[in-house]
Each structure stands twice: as structure tokens, then as C-alpha cells.
Amino acid sequence: MKILVTGASGFIGRSLCLDLQAKGFAVRALMRKPSAAAADYECLFGELDNEEFLSEALSGVDIVVHLAGRAHQFGKAAKDVSAMFKVNRDFTLRLASIAEQRGVKRFIFVSSIGVNGVETGLAPIDETSPATPVKDYALSKYEAEVALSRAYIEGASGMELVIIRPPLVYAANAPGNFQRLLKLVRSGLPLPFSGVANRRSMISLDNLTDFIRVCAIHPDAAGELFLVSDGDDLALPEIIDALSVGMGKRPRVFYFPVKLIYAAGQLVGKRALVTQLCGSFVVNPAKAMKLLGWTPPFSSRNELVRSAREFMLSAEKCRSRPEQSE
């Protein structure tokens, strides 16, 4: 079975390709340009708007896992969201269309939990919960979901569609807010979060790649949408505690009223960051577990500890590199 992975040089893509290869799959990795992520599986370099390239890349492929997308734009590009929709929606539909023409059996689209908004409260959401995308990135992913569903579920296509909405994906090299949290804990600064009583659903990188693998081969995944997580919903102080353990540090948190944390975030233009840290976002992954018989192979606490430990080891290697070169 040959699996093509787009966005193969990215945070999730590289790990997925390595995991699939280790499990005995033939992997074809698509990247925009040569990268350090290229490994001893088949790597192709090209753009998603090049139909001739895509047609050749999809030859002989059984399953596509589509990870490539545009998440954040900065500077002048941030004012023009059309590029984001072009990549995340239009290029996705074109890729799926060419995949169908080339006889691909299953198309797995990795979307975003942002399709369900930015906060849930303590009540968990599932696949039946309404889509409430707030950010342009989430909206572009949702529009791609809707168009794909119409074409490959409601239509008469022979290609099967699977949609996955993962929450925050974490590992030692995770980008974004998780990386910022790792650096905060490493700094040893006292953090004002002991009074935060939220719940956050997350998924470790290894749990996500395992779930994608199951979606690639399980017959009952066809035509389905999945909200997936580690299955453990942790409060921010619990996350900080696990990261501190992995770093060999004592957790340094103190009490500060949560309302004032939100107010401070609003004042300095970081309201969204505070919401992601202190707000609740709870996912019910029961459908994935019941329909596919999938159980996350790794516990969230162990994965957080391991992420922090590997983060520290990586930082140590970076610091020692100049000394080694002298």
C-alpha cells in the first residue's frame, strides 16, 4: 500500500512519514522544496498548484494524507486572506480531484479543531456539534471540508473521504503556543496560573500519527469525520506540572485571579493567547474509539513529560554545538 503525504516536511508530516514507513507502508512524501526533513523514503518536490506535477506524484498511490496548508500570515500578507483560502480550500479540492482521477482509494484531510471555535466551556463537543469557525484559517479549512464532503460523500465518487479535526498537537518541537509554554516553564519564572481550573483536550504527535495510520487502513473510517484527542483533559496547572517534571524542575505557579489574567491579556493585545492557555476546549473522542476501536497508545502525562525532556535535550545540543565546532 502506497501512501502519499503532503506537507511532509512539516511538524506533523515528517513524523507521520517516519511512522508509516516504520509500520511497513510505502511512503511518498511531497514537499515544496528540498528540506532537511527528506529521509530514505521517496521524496518529491513541487507545488500544489502544478497539476502536471500532482498527476505524476499521485501515480500508483492508494491513499493521500493531506497535511499541507497555510496557517499564519504576517506583514502585508496578513491583510490578504485570499491566499490562505486559495491554499487551504482551492488547492485541497484540486488535489482531491486529481487524486480521484488517478484512482486513489482514500483521501484523508487533516483539518482543524478551530472549525468548532476557540472555546467550548467544560461541556465536551463531538462530531455532531455545530461548526463555528472564528479565525480565517479555520474558516478556510471548514469550507474545504464542506466542498470535499459534497463531492466525495454525497456524490458518486469511488474515492473515500476521511476528515480529522485534531486539537492542539504537542511534542518537543511543536510550534506556536506549546513551544512558548515550554520556554516559559524552562525559564523558571513564577507563572500566575495555579488558580486556572480549565480543561484542555490535546493530542500528542505520536498519538495523532497513530490515529492517521488507523484511518488509512480501517474500512469503517470511510466517509467519516473524527474529533480526536489523547482522551485526557488537563488543566493548565497539570500541564505545567508534567512539563516541569520532564525538565527536572519544580513547578513554579502562584495564584492570580483568572479575570485579571484575561484583563491583562486584553490590555496587551494577547487575549487570544490567554484564551488558549486559560480557557476550556474539551473534545469527546468516543466516536474514534468506538467505531475504529482506536485507543491512544500513549498517555497525555507521559507524553508531556517526554516532550519536555526532549525539548531540554535539544536545547542542550544547540548550546553545545558551537563549542564542538571550535
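Residues numbered from 1 in each chain as written. Predicted model: local features only at pLDDT ≥ 70, side-chain atom pairs only at ≥ 80, totals over all residues. Heavy atoms only, no water.

When you look at the overall build of the chain in this model, what are you seeing that I'm missing?
The helix and strand inventory of the chain stands at eleven helices and ten strands. Within the chain, the fraction of its 326 residues that count as buried is 47%. In the chain, the proportion of contacts linking residues at least 24 apart, taken out of those at least 6 apart, comes to 77%. When the 39 positive and 34 negative side-chain charges of the chain are each reduced to one mean point, those points stand 7 Å apart. (Helix = DSSP H or I, 4+ residues; strand = E, 2+ residues; numbered from the N terminus. Buried < 20%, exposed > 50% of the residue type's maximum accessible area, 1.4 Å probe, protein only. Contact = heavy atoms within 4.5 Å. Lys, Arg positive; Asp, Glu negative; His and termini not counted. Charge placed at Lys NZ, Arg CZ, Asp CG, Glu CD.)

Got a minute to help me understand the packing of aromatic side chains in this structure?
Each aromatic ring pair is summarised here by two numbers: the centre-to-centre distance and the angle between the ring planes. Here the structure, examined in full by the defined rule, presents three aromatic pairs. Geometrically, the ring pair formed by Tyr-170 and Phe-178 is tilted, given 5.5 Å between the ring centres and 40 degrees between the ring planes. Exposure class is identical for Tyr-170 and Phe-178. Each is buried. Aromatic pair Phe-211 and Trp-294: ring centres 5.0 Å apart, planes at 65 degrees, arrangement edge-to-face. Placement of the pair is Phe-211 in helix H6 (residues 205-217) and Trp-294 in the loop between helix H10 (286-292) and helix H11 (300-325), with a sequence separation of 83 residues. In terms of burial, Phe-211 and Trp-294 fall into one category: buried. Seen from the ring of Phe-226, Lys-287 lies directly overhead, with NZ or CZ sitting 5.2 Å from the centre. (Phe/Tyr/Trp six-rings, centres within 6.5 Å; stacked < 30°, edge-to-face > 60°. Lys NZ or Arg CZ within 6 Å of the ring centre and 35° of its normal.)

Explain the pattern of salt bridges here, please?
Charged atoms that come close allow side chains of opposite charge to pair. In the structure shown here, the tally under the stated rule is 17 salt bridges. One salt bridge in this structure joins Arg-306 and Asp-206, with 2.5 Å as the shortest N-O distance. Here Arg-306 is found in helix H11, whereas its partner Asp-206 is found in helix H6, with 100 residues between them in sequence. By relative accessible area, Asp-206 is classed as partly exposed at 24%. Taken together, the shared-partner salt bridges in this structure form one network comprising Asp-206, Glu-303, Arg-306 and Glu-310. (Salt bridge = Lys/Arg side-chain N within 4 Å of Asp/Glu carboxyl O.)

Even after reading the chapter, I still don't get the environment of Leu-168, so can you show me in this structure?
Here Leu-168 lies in strand S7 (residues 168-170). The exposure class of Leu-168 is partly exposed, given its relative accessible area of 34%. In sequence terms Leu-168 and Ile-113 are 55 residues apart; their C-alpha atoms lie 8.1 Å from each other. Excluding its chain neighbours within four sequence positions, the residues that come into contact with Leu-168 are Phe-178, Ser-201, Met-202 and Ile-203.

What am I meant to see in the sheet that holds strand S6 (residues 160-165) here?
Adjacent strands of a sheet form backbone hydrogen bonds with each other and so pair up, either parallel or antiparallel. One open sheet accounts for seven strands, arranged S3-S2-S1-S4-S5-S6-S9; its pairing is parallel. Single-partner strands in this sheet number two, and they are strand S3 (42-45) and strand S9 (224-227). Each neighbouring strand pair of the sheet contributes to a mean axis angle of 15 degrees, computed without reference to strand direction. Most of the contacts of helix H4 (residues 136-154) go to S6, to which it runs at about 155 degrees, and overall it touches strand S5 (106-110) and S6. (Pairing = 2+ DSSP bridges. Axes fitted to C-alpha atoms, helices over the stretch in contact; angles between N-to-C directions.)

Hey, could you run me through the domain arrangement of the chain in this one?
Reports often express the size of an interface as the amount of accessible area lost when the parts come together. By the assigned domains, the chain splits into domain 1 (2-165) and domain 2 (171-201 + 231-282 + 294-317). Averaged C-alpha coordinates put domain 1 and domain 2 at centres separated by 28 Å. Each partner contributes residues to the interface: domain 1 has 13 residues there, and domain 2 has 14 residues. Summing both partners gives a buried area of about 940 Å² for domain 1 against domain 2, and 65% of it is carried by carbon and sulfur. Of all residues in domain 1, Phe-11, Glu-119 and Leu-122 give up the largest surface area on contact with domain 2, accounting jointly for 53% of the area buried on that side. At the boundary of domain 1 with domain 2, the tally comes to zero salt bridges. Counting across the interface, domain 1 meets domain 2 through four residue pairs in polar contact (both at pLDDT 80 or more). (Domains from an automatic or database assignment. Buried area = accessible area lost by both parts, 1.4 Å probe. Polar contact = N/O pair within 3.5 Å; in protein donor to acceptor, adjacent residues only side chain to side chain.)

Explain a nonpolar patch on the surface here, please?
Residues Phe-254, Phe-256 and Leu-260 make up a contiguous nonpolar surface patch of about 260 Å² in total accessible area. Within the secondary structure, Leu-260 is located in helix H8 (residues 258-267). (Patch = residues over 30% accessible without salt bridge, like charges linked within 9 Å, V, L, I, M, F, W, Y side chains within 5 Å. Areas by Shrake-Rupley, 256 points an atom, 1.4 Å probe, with all protein chains shown as cover.)

What should I look at first to understand the sheet that holds S7 in this one?
Strand order in this open sheet of three strands is S7-S8-S10, and the pairing throughout is mixed. Of all strands in the sheet, those with a lone pairing partner are S7 and strand S10 (233-234), marking the two edges. Across two bridges, strand S8 (residues 200-204) lies against S10 in antiparallel orientation. The residue of S10 that forms the bridge with Arg-200 is Leu-234. Of the strands in this sheet, S7 and S8 touch H6, which is tilted by about 70 degrees from S8.

Could you clarify how one ought to interpret the state of the cysteines in this entry?
As used in these notes, a disulfide is a covalent bond between sulfur atoms, one from each of two cysteines. Using the criterion set out here, one finds zero disulfides in the structure. Cysteine Cys-43 shares no disulfide, and the gap to the nearest cysteine sulfur, in Cys-17, comes to 7.2 Å. Looking at Cys-43, the relative accessible area reads 17%, which means it is buried. Residue Cys-215 stays outside any disulfide, its sulfur separated by 16 Å from that of Cys-17, the closest cysteine. The class of Cys-215 is buried, set by a relative accessible area of 0%. (Disulfide = S-S within 2.5 Å.)

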